[in-house]
Every structure is written in structure tokens, then in C-alpha cells.
Amino acid sequence: MNILIANDDGIEAKGIHELAAALAGEADIYISAPHVQRSAAGHSITIGKPLKIKDVKFENARRALEVTGTPADCVKLGLRFLEHEGIGIDMVYSGINHGGNLGTDTLYSGTVSAAIEGVLCGLPAVAVSVNDHEPRDFTYACDLAVKTFRAACGRLDNRTVLNINVPNMPAEEVKGLRCTRLGIREYKEWFHPRCNETGEMEYWYKGEPVVYKSNNENIDVIAMQNGYASITPLQYNLTNYELIDEIRNWNILDR
């Protein structure tokens, strides 16, 4: 069994090393990750310029590729490169991300997009995140990543990403795990103006998550807010099927 691990925090981030160590007892581990931080890259890919790959040392991995691209690039290129070398991958993992990927934030997430790229390439995939940009404890996230692998192996189809989010706290303090749907991740947001060294004005994004008054722990954002980890099955098909027939009645389509 071969697992490809990617991320968006870069190949030197602590989270991807923790995930590789956790999964190394379950399968042979291969790494394909960005050479620098690529958070919030979404599902962008690199076109119009070449990508570079470099083999690097990486504990607990059979092989590790440092890629000058986006998280989606890393999965797409990594899978093809390893395939050319005669190495077939069975599952894709992405993470462990430094920061949560909840609700509508999944649309921006390089972590989730790397996992979705695995699905687009025909493989089941899992994304794992700790809900803090300075995570203190990866224990629960690692344990859950391994448990999910054992449970999903041979059961998870190649059209689904399991999106796991874990509170940034010791394992014994996590209240439990909820199977959830995506919620709305809203922020009190603004752009902070700042003058750079050349005298030009720049605007830096800032945002604080909205806290919801709800106990509906079937929603990932609420489950996390209330001290639970969440696991959400995702698919990339964004079609609004309920609206298809209505649009056909708008008299704007060619008959």
C-alpha cells in the first residue's frame, strides 16, 4: 500500500512530518509538497511556466519530492512522476495543515484542494487540519488520520475526500468526533493599510472568525467551535441539480 502525502504549508512544515510518521506504520509513504508556504492557493495549477522537482531527505518517507508549484500541482505532478518511476499510489493524504479548513473556507484551501486533486486523478483522499495556525499538539490529528485510514481503506470511493478538522488541544481535552456537513465560515474582515519601503500603500487582509450561537454539531464549523473534531465527506461536483429543470423553463436555451 502506497500513500502520497501533500500539503500547502510547505515541505518543511511540522504537520506534514507528523502525518508521515503516523502513517508510516500503515503503508509506504511518498511525499510531494511545495518548496514554500502556499496556503489559500485553492485549486490553482501552474501553467505558462515550468515546474521544478527536487529529491529531498524526509524521515519516514520512501521518497520525497520538493515541488515549485501549488498544492494541486504537487499531487498531479507527484502522481505522474512516481508512476513514471513504476510507483503506483493507492491513496492521497493532505496535511496536517496548520489552521482549520472548515465550511466555505474549503473553497480557498490548498490543503483540501490537494486532496481533491487526488480524487480528480482517480484516488480516494483525506485532508487533515488542526484548527490553529500555530498548532501545539498533533496527537489527536495523527491518531484520527490513522484510524480513518484503517476504516476507509477499501471502502472509500475515488470520488470522495474526507475532510478532517481537529481542535488545537491535547487529545484528552477533545470532546469527541462528529460526522458533519459543511457550514458557513464567516469572518469579521478588513484590509489593513500599510505603507511599504518604497512609499506605496499596501492592503493586508485581516479577519476574525464569527462565533455562532448554535449547538448544531452536525455542522463542521459548530462542532469545532464546541470542542469536537469533525469529519466531512466532500465531493467536487458543485452542480445545483434542483435548478436544472427550472432553468430549462426560462426560455433562454436553444431548442
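We now turn to the structure provided with this report. Not measured: the values here are computed from a predicted model.

### Overview of the environment of Lys 213
Line of reasoning, step 1. By the secondary structure assignment, Lys 213 is in the loop between strand 10 (201–209) and helix 5 (220–225).
Line of reasoning, step 2. Distance in space between the C-alpha atoms of Lys 213 and Ile 252 is 43 Å, their sequence separation being 39 residues.

### Comments concerning the packing of aromatic side chains
Line of reasoning, step 1. Within the structure shown, the criterion is met by 1 aromatic pair.
Line of reasoning, step 2. Aromatic side chains Phe 191 and Tyr 205 sit 5.4 Å apart centroid to centroid with 70° between the ring planes, which places their arrangement in the edge-to-face category. Of the two residues, Phe 191 sits in strand 9 (residues 187–195) while Tyr 205 sits in strand 10, which places them 14 residues apart along the sequence.
Line of reasoning, step 3. Accessibility expressed as a relative area gives 51% for Phe 191, which makes it exposed.
Line of reasoning, step 4. On the basis of relative accessible area, Tyr 205 is assigned to the partly exposed category, the value being 41%.
Line of reasoning, step 5. It is Arg 194 that lies over the ring of Trp 204; its NZ or CZ is 4.3 Å from the centre.

### Comments concerning the nonpolar core
Line of reasoning, step 1. In terms of nonpolar packing, the biggest core is built from 35 residues, with Ile 3, Ile 5, Leu 23, Ile 31, Tyr 93, Ile 96 and Val 128 touching the most fellow members.
Line of reasoning, step 2. Contributions of two or more residues to this core are made by strand 1 (2–6), helix 1 (14–23), strand 2 (28–34), strand 5 (91–98), strand 6 (125–130), helix 4 (139–152), strand 7 (161–166) and strand 11 (229–234).
Line of reasoning, step 3. The biggest single contributor to this core is helix 4, with 8 residues.
Line of reasoning, step 4. With residues up to four places along the chain from it excluded, the contact list for Ile 31 reads Leu 4, Ile 5, Ile 11, Ile 16, Ala 20, Phe 58, Ala 61, Arg 63, Ala 64 and Leu 65.
Line of reasoning, step 5. Within the second largest apolar cluster, 19 residues are counted, among which are Tyr 30, Ile 89, Val 112 and Ala 125.

What counts as what
- Residues numbered from 1 in each chain as written.
- Predicted model: local features only at pLDDT ≥ 70, side-chain atom pairs only at ≥ 80, totals over all residues.
- Heavy atoms only, no water.
- Helix = DSSP H or I, 4+ residues; strand = E, 2+ residues; numbered from the N terminus.
- Phe/Tyr/Trp six-rings, centres within 6.5 Å; stacked < 30°, edge-to-face > 60°.
- Buried < 20%, exposed > 50% of the residue type's maximum accessible area, 1.4 Å probe, protein only.
- Lys NZ or Arg CZ within 6 Å of the ring centre and 35° of its normal.
- Core = buried A, V, L, I, M, F, W, Y, C linked by side-chain atoms within 4.5 Å.
- Contact = heavy atoms within 4.5 Å.

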